[in-house]
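For reference, the chains in residue letters:
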Amino acid sequence: MLQQFDPRNADLIVNVGGRLVHRDKAGVSPFDSLVQGGDGVWEGLRLYDGKIFRLTEHLDRLADSAKAIAIAGVPSREEIVAEIRKTLEANGMRDGVHIRLTLSRGTKITSGMDPRLNQSGPTLIVLAEWKAPVYDKGGLTLQTSSVRRFPPDCLDPKIHSNNLLQSILAKIETNAAGADAALLLDRDGFLAECNGTHVFLVRRGEVLTSHTDACPEGITRQTVLDLCRSNGIPARPARLSLPEAYRADEMFCTGTMGELAAVTRLDGRTIGDGTVGAMTQRLTELFTAEVAASGEPILD
Ligand SMILES: Cc1ncc(COP(=O)(O)O)c(C=O)c1O
């Protein structure tokens, strides 16, 4: 699951604060809040055939996260859409693209964490890359991490922030163990999510996923729950334990970067019969149809 360099991205044009620059020249100031403290919020979006899937929901989540950390002067929705469009046009992009949208609190007058040191900003960064869905669809291997996801009274995961160290520590552990991704538990030992995706179980025809107490309000996660509802598939959020995962008939994870991907091994155990299950396949097909039917046009 280690992503490889795609030569089509060698000459990317990146949008930093409205300026279009070659990727080799793009950068932020050492005084930028992202450098000083991971102090910013972000979204990962996908462009399919000139349309961004769930664009409104992604922009809502960006605005909600920015508000939660009191970033002032957030660009309007129209301004953000115009910057995304400008970046896609500069790169001649229409399909098979992942967009990382970052909103930094901006540049500080001197180093330090105090947001009052920010006297300019925020800064919007649009990084659009050629990137096919990144996860192996043949079945991922997960390992439970010793790193726990924060509860809301420590750092609420509903803030989709640039401070990813918790996930990175989990990933370091997982890499050493040779697994594809880390499964993180919450402070009570229930399944929270993976290091960068949400997690689902299937048991006797019912689709289950963790509550969003210790994971972000995932857009792919919500799409899967909505697809279940509209297609008569029983589905609900639940507190899920590790033994419930071990005994599940199927397990899969979800995220914008990789859509739906089956999990066939967890902590050295085989999940279900060790192949991509029928429900995972069905939901993958429903998701593909939903993407084709409901993207929001961004290019003329
Ligand atoms: C920690 C984490 N979990 C899960 C996800 C997947 O969420 P979504 O489906 O909204 O892409 C993301 C995506 O940014 C994430 O950062």
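Residues numbered from 1 in each chain as written. Predicted model: local features only at pLDDT ≥ 70, side-chain atom pairs only at ≥ 80, totals over all residues. Heavy atoms only, no water.

Explain the domain arrangement of the protein chain to me, please; I cannot follow it from the model alone.
Many structure descriptions define interface size as the accessible area lost when the parts assemble. Considered domain by domain, the protein chain is made up of domain 1 (7-130) and domain 2 (140-292). Its C-alpha centre places domain 1 at a distance of 26 Å from the equivalent point of domain 2. Taken over both partners, the interface formed by domain 1 and domain 2 buries close to 1800 Å², and the fraction arising from carbon and sulfur atoms is 55%. For the pair domain 1 and domain 2, the number of links is one salt bridge. E290 is the salt-bridge partner of R54, the closest N and O atoms lying 3.2 Å from each other. Looking at the side of domain 1 that touches domain 2, the elements that each hand over two or more residues are α1 (33-37), β3 (40-48), α2 (55-68) and β5 (97-104). With eight residues, β3 is the largest single contributor of residues to the side of domain 1 that touches domain 2. (Domains from an automatic or database assignment. Buried area = accessible area lost by both parts, 1.4 Å probe. Salt bridge = Lys/Arg side-chain N within 4 Å of Asp/Glu carboxyl O. Helix = DSSP H or I, 4+ residues; strand = E, 2+ residues; numbered from the N terminus.)

It is not clear to me how the packing of aromatic side chains should be interpreted in this structure. Could you clarify?
Any aromatic ring pair is given by two values, namely how distant the centres are and how the planes are angled relative to each other. The tally for this structure, following the rule as stated, stands at two aromatic pairs. Judged by centre distance (5.4 Å) and plane angle (75°), the rings of F53 and F287 are edge-to-face. Pair noted here: F53 is in the loop between β4 (51-52) and α2 and F287 is in helix α8 (residues 278-294), with a separation of 234 residues, a long-range link. Like F287, F53 is buried. Geometrically, the ring pair formed by F200 and F252 is stacked, given 4.8 Å between the ring centres and 5° between the ring planes. Here F200, found in strand β12 (residues 198-203), pairs with F252, found in strand β15 (residues 250-255); they are 52 residues apart in sequence, far enough to count as distant. Assessed through its relative accessible area of 0%, F200 is described here as buried. Residue classification places F252 among the buried residues on the basis of a relative accessible area of 0%. (Phe/Tyr/Trp six-rings, centres within 6.5 Å; stacked < 30°, edge-to-face > 60°. Buried < 20%, exposed > 50% of the residue type's maximum accessible area, 1.4 Å probe, protein only.)

What is the right way to look at the site of the ligand in this model?
Around the ligand lies a shell of 15 residues, among which H160, E193, I219, T220 and T256 are the nearest. The backbone of I219 places a nitrogen or oxygen atom 2.8 Å from an oxygen atom of the ligand. T256 is positioned with one of its side-chain polar atoms (N or O) 2.6 Å from an oxygen atom of the ligand. If the ligand stood free it would expose 390 Å²; the protein chains cover 92% of that surface. (Near = heavy atom within 4 Å. Polar contact = N/O pair within 3.5 Å; in protein donor to acceptor, adjacent residues only side chain to side chain. Areas by Shrake-Rupley, 256 points an atom, 1.4 Å probe, with all protein chains shown as cover.)

Before we go on, may I ask you to explain the nonpolar core in this structure?
Counting residues in each nonpolar core, the largest one holds 26 residues, and the members touching the most others are I84, L88, I99, L101 and I298. Sorting the residues of this core by element identifies β3, α2, α3 (77-91), β5 and β8 (123-130) as the ones contributing at least two each. Look past the residues within four positions of I298 in its chain and what remains in contact with it is L47, G50, K51, I52, L55, V81, I84, R85 and L88. Of all hydrophobic cores here, the second largest spans 23 residues; its members include L142, C194, V263 and I271. (Core = buried A, V, L, I, M, F, W, Y, C linked by side-chain atoms within 4.5 Å. Contact = heavy atoms within 4.5 Å.)

Explain the pattern of salt bridges to me, please; I cannot follow it from the model alone.
Between side chains of opposite charge, pairing is possible as soon as their charged atoms come close. Evaluation of the coordinates by the stated rule reveals 14 salt bridges. Of the charged contacts in the structure, one is a salt bridge between K137 and E259, with a shortest N-O distance of 3.4 Å. Of this pair, K137 sits in the loop between β8 and β9 (140-148) while E259 sits in strand β16 (residues 259-266), placing them 122 residues apart in sequence. Residue E259 is classed as buried on the basis of its relative accessible area, which comes to 14%.

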